[in-house]
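Letter by letter, the chains look like this.
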Number of protein chains: 2
Amino acid sequence: MKISELSDQTGVSIATLKFYLREGLLRPGTLTAPNQADYGESHVRRARLVRALREVAHLSIAQIAAITGALDRGEELYDVMGVTVDSLGERPAAFTPAQEAAAAEVDRLLATLGLPAREESLARQQLVVSFEAVREMLFPGLPVEALVPYARAAEDVVRAEVAATPGIFSVDPEQVLERAVLGLTLFEPILLAFRRLTHEKLVVDHLEGTAPPEAGPD
Amino acid sequence: MKISELSDQTGVSIATLKFYLREGLLRPGTLTAPNQADYGESHVRRARLVRALREVAHLSIAQIAAITGALDRGEELYDVMGVTVDSLGERPAAFTPAQEAAAAEVDRLLATLGLPAREESLARQQLVVSFEAVREMLFPGLPVEALVPYARAAEDVVRAEVAATPGIFSVDPEQVLERAVLGLTLFEPILLAFRRLTHEKLVVDHLEGTAPPEAGPD
């Protein structure tokens, strides 16, 4: 297909596609004339992935280049996925001593729950930083087990997500990554918004005197 | 107490406390000498609230002044809470026609779930924007009912939070707000981190061939 058709199929403007080509995020098409190239399905998938990384995940061109470079070198999908997911958010500074102590407890909890705890995992780092901040500012001495309800709720959500997306892995790496990025980032505000709305309902119920007993049976 | 003691009790430096006083975020103490003022428990609570709004929620001074101003005018706690929670995040631009259509469906779902849907609620707006983006980029035609698992997971989390914090409302407004801000913001990365780690576990299990059947019974 011509670049104009690639643009139609992906929702990415021709100028932006040319920018992706110049930056090496998109591989060159097959030249059919000195000034015309032919693009295929792999370009459609790649352009969609890059769009998701830029417009939804707000990654920098350098971060995107690291991901597409790893794909182009044929690196293992699991590793590329790790690099990708670890760029979705701001990495905290090196741990303070209090955070190091919290990290040991978090790692113990993750092991108990059977969850992965790669040292460079952004999610694990954010967990450590937030847990330590909760203990410093909100609940001193909070045991790490207090986080289990969050892990359980996350598990329930992921279970529903898996049930809703059969065959998520039976596509090629570009599409797996695009769906992972979109699925991770687009649904995060949804989960948080529902938590906030449920909190607001609680306040309303409390002020109206219709709140259930706080520690009563459901 | 003297300003140095107020600083010790709140973890806010004297220079910062003086800045809060100049900006009117903190009420003046009682003058005990031309150059010395006496501060009380209400100052401790207020300084802690302002610290939480600045350091954890990253609000601007103008946003914080709107909140402390409402408190000082004695406005209803529910309204001050609304203003506060609605400043915890970036407000999206005016809805596009597609987002307006999504909003009608989201509001219908919120009514079914018994959740509040104030028009100016930031959480509702973010729900609408994300739901529409999911439909545009990931799952065209997704029914709004697909969001129910997220609402249920949020409800489970909030239920656990209520059970863990008895008497959350039996403190004064400053403390209710401080705890609400800290509780909302500090636990959000925790919930998201567990979802990401559970996704990663899923990928690991899949690659190792130990994934359970996707739609099978638990």
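Since we're looking at a predicted model, the values are computed, not measured.

S.K.: It is not clear to me how the overall build of chain A should be interpreted in this structure. Could you clarify?
M.R.: Looking only at helices and strands, chain A has 9 helices and 2 strands in total. When its helices and strands are written in sequence order, chain A yields α-α-β-β-α-α-α-α-α-α-α. Computed over its C-alpha atoms, the radius of gyration of chain A comes to 22 Å, more than 25% above the 17 Å expected for a compact globule of 218 residues. Along the three orthogonal principal directions, the C-alpha set of chain A runs to about 75 × 45 × 30 Å. For chain A, buried positions account for 47% of its 218 residues. Residue pairs in contact within chain A that sit at least 24 positions apart in sequence constitute 62% of those at least 6 positions apart. Total accessible area on chain A stands at roughly 10,400 Å², and carbon and sulfur atoms take up 55% of it. Counting 21 positive and 32 negative side-chain charges, chain A places the averaged centre of each group 6 Å from the other.

S.K.: Even after reading the chapter, I still don't get the confidence of the model for chain A, so can you show me in this structure?
M.R.: Parts of the prediction with low pLDDT should not have their coordinates interpreted in detail. All names here are of chain A. Looking at chain A as a whole, its pLDDT mean stands at 89, while 96% of the residues score no less than 70. Per-element confidence in chain A ranges from a low mean pLDDT of 88 for helix H5 (residues 77–86) to a high of 96 for helix H6 (residues 97–113). Scored below 50 in pLDDT, residues 213–218 shows 7 contacts in the model against residues more than four places distant or in partner chains. In the predicted complex, the global pTM is 0.86; the interface-specific ipTM is 0.87.

S.K.: Could you clarify how one ought to interpret the packing of helix H6 (residues 97–113) of chain B against helix H7 (residues 122–137) of chain B in this entry?
M.R.: Residues and elements named next belong to chain B. Where H6 meets H7, the closest approach of the two axes is 9 Å, and the angle between their N-to-C directions is 115°. As H6 packs across H7, the resulting crossing turns out to be right-handed. When H6 is examined against H7, the residues Ala98, Gln99, Ala102, Ala103, Glu105, Val106, Asp107 and Leu110 are found in contact with a partner set consisting of Arg124, Leu127, Val128, Val129, Phe131, Glu132 and Arg135. The class makeup of the residues in the contact of H6 with H7 is 9 nonpolar, 1 polar and 5 charged.

S.K.: In this structure, what is going on with the pairing of strand S1 (residues 30–33) of chain A? I would like to understand it.
M.R.: Where a strand is regular, its side chains alternate between the two sheet faces. All names here are of chain A. For S1 and strand S2 (residues 36–38), the ladder comprises 3 bridges, and the chain directions are antiparallel. Within the sheet, the bridge partner assigned to Thr30 lies in S2 and is Asp38. Taking the residues that link successive antiparallel strands as the turn, the S1-S2 hairpin has 2 residues.

S.K.: Would you explain the domain arrangement of chain A in this entry?
M.R.: How big an interface is tends to be reported as the loss of accessible area on association of its parts. Domains assigned within chain A are domain 1 (1–75 + 173–210) and domain 2 (89–164). For domain 1 of chain A versus domain 2 of chain A, the separation of C-alpha centres amounts to 27 Å.

S.K.: Is there a simple way to think about the relation of the copies chain B and chain A in this case?
M.R.: Copy one and copy two of the chain differ by a rotation about an axis and a translation along that axis. Screw-axis analysis of chain B against chain A gives a translation of 0.0 Å along the axis, an RMSD of 0.0 Å, and a rotation angle of 180°. Seen this way, the second copy is the image of the first under a two-fold rotation axis. Closest approach to the rotation axis among the C-alpha atoms of chain B is made by Ala153 of chain B, whose C-alpha sits 2.4 Å away. In this assembly the copies share their binding face: 100% of the residues contributing to the interface of chain B also contribute to that of chain A.

S.K.: Would you take a moment to explain the pattern of salt bridges for this structure?
M.R.: Pairing of side chains with opposite charge becomes possible as their charged atoms draw close. Residue and element names in this part refer to chain A. Inspection of every chain in the model, using the stated rule, returns 36 salt bridges over all chains. We note a salt bridge from Arg118 to Glu120, for which the minimum N-O separation is 3.5 Å. Taken together, the salt bridges that share partners define one network made up of Arg27, Arg46, Asp72 and Glu174.

S.K.: Any chance you could explain the side chain of Glu200 of chain A here in plain terms?
M.R.: Among the secondary structure elements, Glu200 of chain A is positioned in helix H9 (residues 173–207). Filtering out sequence-adjacent residues up to four positions away, Glu200 of chain A remains in contact with Tyr78, Pro116 and Arg118 of chain B.

S.K.: Which parts of the structure should I look at to understand the packing of aromatic side chains?
M.R.: For any pair of aromatic rings, the description rests on two quantities: the centre-to-centre distance and the angle between the ring planes. All names here are of chain A. Applying the stated criterion to the full structure yields 4 aromatic pairs over all chains. Plain terms: the ring middles of Phe19 and Tyr20 are 6.3 Å apart, the flat faces sit at 50° to each other, and that makes the pair tilted. With a relative accessible area of 22%, Phe19 lands in the partly exposed category.

S.K.: Any chance you could explain the interface of chain B and chain A here in plain terms?
M.R.: Taken together, the contact between chain B and chain A spans 74 residues of the former and 74 residues of the latter. At the junction of chain B and chain A, the tally comes to 8 salt bridges. Among the ionic pairs, Glu200 of chain A bridges to Arg118 of chain B, the shortest N-O distance being 2.7 Å. Across the contact surface, chain B and chain A share 18 residue pairs in polar contact (both at pLDDT 80 or more).

S.K.: For this particular structure, what's the right way to read the environment of Ala62 of chain B?
M.R.: All names here are of chain B. For Ala62, the position within the fold is in helix H4 (residues 61–72). On the basis of relative accessibility, which here comes to 61%, the residue Ala62 falls in the exposed class. As a C-alpha pair, Ala62 and Leu25 span 37 residues in sequence and 9.7 Å in three-dimensional space.

S.K.: Any chance you could explain unusual backbone geometry here in plain terms?
M.R.: Glycine aside, residues mostly have negative phi, and peptide bonds are mostly found in the trans state. Despite not being glycine, His58 of chain A shows a phi value in the positive range, around 55°. Inspection of the secondary structure assignment puts His58 of chain A in the loop between helix H3 (41–56) and helix H4 (61–72).

S.K.: Looking at this structure, I do not really get the nonpolar core. What am I missing?
M.R.: Phe194 of chain A together with Phe194 of chain B are the most contacted members of the largest nonpolar core, which has 66 residues in total. If near-sequence neighbours (up to four positions away) are discounted, Phe194 of chain B is found in contact with Leu109, Leu110, Leu113, Leu115, Leu127, Leu147, Tyr150, Ala151 and Ala154 of chain A.

S.K.: How do you make sense of helix H5 (residues 77–85) of chain B when you look at a structure like this?
M.R.: Count 3.6 residues to each turn of an α-helix, and residues three or four apart come out pointing the same way. Listed in full, the buried residues belonging to H5 of chain B are Val80, Met81, Gly82, Thr84 and Val85 of chain B. In this fold, the buried residues of H5 of chain B make contact with H9 of chain A together with helix H3 (41–56), H4, H7 and helix H9 (173–207) of chain B.

S.K.: I keep staring at H4 of chain A and nothing clicks. Help me out?
M.R.: All names here are of chain A. Here H4 spans 16 Å end to end across 12 residues, near enough to the 16 Å set by a 1.5 Å rise per residue. The complete set of buried residues in H4 reads Ile64, Ile67, Thr68, Gly69, Ala70 and Leu71. For H4, the elements touching its buried residues are H3, H5 and H9. Remark: Gly74 follows H4 within two positions and exhibits a positive phi of approximately 75°.

The rules behind the values
- Residues numbered from 1 in each chain as written.
- Chains lettered and ligands numbered in written order.
- Predicted model: local features only at pLDDT ≥ 70, side-chain atom pairs only at ≥ 80, totals over all residues.
- Heavy atoms only, no water.
- Helix = DSSP H or I, 4+ residues; strand = E, 2+ residues; numbered from the N terminus.
- Rg over C-alpha atoms; globule rule 2.2 N^0.38 Å.
- Buried < 20%, exposed > 50% of the residue type's maximum accessible area, 1.4 Å probe, protein only.
- Contact = heavy atoms within 4.5 Å.
- Areas by Shrake-Rupley, 256 points an atom, 1.4 Å probe, with all protein chains shown as cover.
- Lys, Arg positive; Asp, Glu negative; His and termini not counted.
- Charge placed at Lys NZ, Arg CZ, Asp CG, Glu CD.
- pLDDT = per-residue confidence, 0-100.
- Axes fitted to C-alpha atoms, helices over the stretch in contact; angles between N-to-C directions.
- Left-handed = near helix turned anticlockwise from the far one by under 90°.
- Nonpolar A, V, L, I, M, F, W, Y, C, P; charged D, E, K, R; others polar.
- Pairing = 2+ DSSP bridges.
- Domains from an automatic or database assignment.
- Least-squares fit on C-alpha atoms with pLDDT ≥ 70 in both.
- Salt bridge = Lys/Arg side-chain N within 4 Å of Asp/Glu carboxyl O.
- Phe/Tyr/Trp six-rings, centres within 6.5 Å; stacked < 30°, edge-to-face > 60°.
- Polar contact = N/O pair within 3.5 Å; in protein donor to acceptor, adjacent residues only side chain to side chain.
- Core = buried A, V, L, I, M, F, W, Y, C linked by side-chain atoms within 4.5 Å.
- Expected span 1.5 Å × (residues − 1).

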